[in-house]
Every structure is written in structure tokens, then in C-alpha cells.
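Now for the letters of each chain:
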Amino acid sequence: EAAIRRRVLDDGLLEAVIGLPSNLFYNTTIPTCILVFRSSGTKTPERQRGVLFIDASTRFTKAKNRHLLTDADITDIVTAYHSGSDGDGEAGLSARFVPTTEIAANGFDLNIGRYIKQTAAEQEDLGTLIDAYNIARAERQKTEQRMLAVLSAAGIEGFDE
């Protein structure tokens, strides 16, 4: 597979990799992608020496049995493809033009996650987390005491405190 990817890149055939959400199709829940190919020598000059990666994996609307791409999602993906950028970088869409040299340095890997980093989840303050844990722990202990008192009043014994 690496040899095939290398040949496709060396010949300048691959223009873009567009990652789509998981669960788009009825028979599979795996995420899918679109590979955009061009005939040799037909890529625009600004895309000659690389590949445009677009991550649209979080752009979907939940439906009953699967995810759906809305017209707005599709429009934003197409706009990112034509412009070569993600605009403001918000709303679950990221794009990056990656030079062929970088792809080669990564063993011709075309995994979107290698070139577009997912936004890191906001880190919470450790002190805030400890406070929340202590409050939840105290509430649990209080509830257990209440439960043991109710069981004891009902004549049910044998629970360790």
C-alpha cells in the first residue's frame, strides 16, 4: 500500500483527502473519506507539490439510524476544498495543505489525523476537579448513611457501614 501511495503522490495524482463523519451510511459505522484525484499535470500550480487535507469528521446532524451531512455542511466542505483553507477554523472543519515532502517523511501515510491535529479538550483546573470530587464523595457518603438508616428501620440488617 505504501508503494501505491508513493506512486500516486510522485505522479501528482492526489489532490485532496476529505475526512467525513462516521455512521454516514446504513451498513457501516466507520468514518469515510473522499480522495480527490486529478490527471497527471492538471493540478493547479498552488497544489502541485502537496495534498489538501480536510477534516470534516465532526460536521454532521444526528438522525435516527445514521448521521447526515446538511446542505450547509456540504457547502462548507466544498468551500474549504476550493479555497484550500478552513476559513475561520471553527464549526468542526479543519483544512491544511501538506507538502509532499512532509507526507514522504511520514512514510506516505495519508491519515488525516497525522496532519490535522484535533482540538485539544479544554483542560480543567486540578483544584476544581478535586473540589468536585470531594463534594460528590461527601454526597455519596451522606446518601449511604440515609440508605442504611432506612434499611435498619425496616428491619434489614447485615450491611456493613
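Further up the page is the structure itself.
None of the values given here were measured: they were computed from a predicted structure.

Let's talk about the overall build of the chain
When helices and strands are tallied, the chain shows five helices and six strands. Starting at the N terminus and ending at the C terminus, the chain contains elements arranged as α-β-β-β-β-β-α-β-α-α-α. Across the 161 residues in the chain, those meeting the buried criterion constitute 26%. Put simply, of all contacts in the chain between residues at least 6 apart along the chain, 63% involve residues at least 24 apart. A total accessible area of about 11,200 Å² is found for the chain, and carbon and sulfur atoms account for 54% of it.

Re the environment of Phe53
For Phe53, the position within the fold is in strand β3 (residues 50-55). When neighbours within four sequence positions are excluded, Phe53 is seen to be in contact with Val17, Ser94, Ala95, Arg96, Val98, Ile103, Leu110, Ile112, Tyr115 and Ile116.

Procedures and definitions
- Residues numbered from 1 in each chain as written.
- Predicted model: local features only at pLDDT ≥ 70, side-chain atom pairs only at ≥ 80, totals over all residues.
- Heavy atoms only, no water.
- Helix = DSSP H or I, 4+ residues; strand = E, 2+ residues; numbered from the N terminus.
- Buried < 20%, exposed > 50% of the residue type's maximum accessible area, 1.4 Å probe, protein only.
- Contact = heavy atoms within 4.5 Å.
- Areas by Shrake-Rupley, 256 points an atom, 1.4 Å probe, with all protein chains shown as cover.

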